[in-house]
Amino acid sequence: MPDGKPNRIVIADDHRLIASGLSIELEMHGYEISALAHDGIDAIASIKSTQPDLAILDINMPGANGVEVFLEAQRWSPKTKFAVLTGHPSANLFTSLLDAGVCGIFLKSDPPTDICAYVARILKGQIVLSPSVVSVMSSSNEIPELTNRELQVLQGIARGLSNSMLAADLGISAKTVNTHRTNLMRKLDVHSSATLLVKSIKMELVTIE
């Protein structure tokens, strides 16, 4: 609490009961809830207008998902720390979120008092993963099975080629390249070309020349 003021938090979750319950729990621990958002667009607007110390985001929300909210909102509120609270564990997604700069990840099944403790640690500058998240990540080290064409497209992305450039290079249409790109993002469980590249390099699926 800088200068004796409570840390301000935005909670974004389309499940109103979860958002309300977490809000009450955090207020009981001395935090100020700047806004409750129930879709991604409202979340971005709330973070931009209130400049909170922390934003806690659900992954699956209408309007814009939690990953999109994080990538967009951090541009408007660079001092805000971001954490993800999700009911859909995915080791690949968690890895991508950490690579992108999220400060904390925990599950909706984690005890509320534990989540409040994680929040306190994040606000002190720590990167926090709940034990349940660590368990999910440590139990999944599978490399997705990619076709030869998908690997060619992935290497082209690593070289910085656009869809049209890749299409010309591989002798296929730009639409087909985009389909391969979409399939790659699904298989690697990422939501942007940037995180696709980061994760494919980390998994040694591509090399940077």
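Residues numbered from 1 in each chain as written. Predicted model: local features only at pLDDT ≥ 70, side-chain atom pairs only at ≥ 80, totals over all residues. Heavy atoms only, no water.

Engineer: What is the right way to read the overall build of the chain from this model?
Structural biologist: Along the chain, the regular secondary structure elements total 10 helices and six strands. Based on the C-alpha atoms only, the size of the chain along its principal axes is roughly 60 × 35 × 30 Å. Residues classed as buried in the chain amount to 46% of the 209 residues present. Here the contacts in the chain between residues at least 6 apart in sequence split such that 62% fall between residues at least 24 apart. (Helix = DSSP H or I, 4+ residues; strand = E, 2+ residues; numbered from the N terminus. Buried < 20%, exposed > 50% of the residue type's maximum accessible area, 1.4 Å probe, protein only. Contact = heavy atoms within 4.5 Å.)

Engineer: What should I look at first to understand the environment of Cys103 in this one?
Structural biologist: Following the sequence through the fold, Cys103 ends up in the loop between α4 (91-100) and β5 (104-107). The spacing of Cys103 and Lys48 is 55 residues in sequence and 18 Å in space, taken between C-alpha atoms. For Cys103, the residues in contact, after removing those within four places along its chain, are Lys81, Phe82, Ile122, Gln126, Ile127 and Val128.

Engineer: Looking at this structure, I do not really get the side chain of His38. What am I missing?
Structural biologist: Looking at where His38 falls in the secondary structure, it is placed in the loop between β2 (32-37) and α2 (40-50). By relative accessible area, which is 18% here, His38 ends up buried. A polar contact is formed between the side chain of His38 and the side chain of Arg16, at a distance of 3.3 Å. Among all residues touching His38, those that are not within four sequence positions of it are Asp13, Asp14, Arg16, Ala19 and Pro62. (Polar contact = N/O pair within 3.5 Å; in protein donor to acceptor, adjacent residues only side chain to side chain.)

Engineer: So what exactly am I meant to see when it comes to unusual backbone geometry here?
Structural biologist: Glycine aside, residues mostly have negative phi, and peptide bonds are mostly found in the trans state. With a phi close to 50°, Gln51 is a non-glycine residue in the positive phi region. One can find Gln51 in the loop between α2 and β3 (54-57). On the accessibility criterion, Gln51 (34% relative accessible area) is partly exposed.

Engineer: I would appreciate a short explanation of the state of the cysteines in the present structure.
Structural biologist: Note on terminology: a disulfide is the covalent bond linking the sulfur atoms of two cysteines. Evaluated as defined, the whole model comprises zero disulfides. Cys116 provides the cysteine sulfur closest to Cys103, a residue in no disulfide bond, and the two sulfurs are 17 Å apart. (Disulfide = S-S within 2.5 Å.)

Engineer: Looking at this structure, I do not really get the packing of α4 against helix α10 (residues 193-202). What am I missing?
Structural biologist: The packing of two helices is summarised by the inter-axis angle and the distance between the axes. Packing of α4 against α10 brings their axes to within 10 Å, and their N-to-C directions diverge by 110°. It follows from the interaxial angle that α4 and α10 lie roughly perpendicular. When α4 is examined against α10, the residues Asn92, Leu93, Thr95, Ser96, Asp99 and Ala100 are found in contact with a partner set consisting of Thr195, Val198, Lys199 and Lys202. The class makeup of the residues in the contact of α4 with α10 is three nonpolar, four polar and three charged. (Axes fitted to C-alpha atoms, helices over the stretch in contact; angles between N-to-C directions. Parallel < 35°, antiparallel > 145°, perpendicular 65-115°, else oblique. Nonpolar A, V, L, I, M, F, W, Y, C, P; charged D, E, K, R; others polar.)

Engineer: Can you walk me through helix α7 (residues 148-158) in this structure?
Structural biologist: Buried within α7 are the following residues: Glu150, Val153, Leu154, Gln155, Gly156, Ile157 and Ala158. Where α7 is buried, its residues meet α8 (163-170), α9 (174-187) and α10. Following α7 by one or two positions, Gly160 adopts a phi angle in the positive range, close to 85°.

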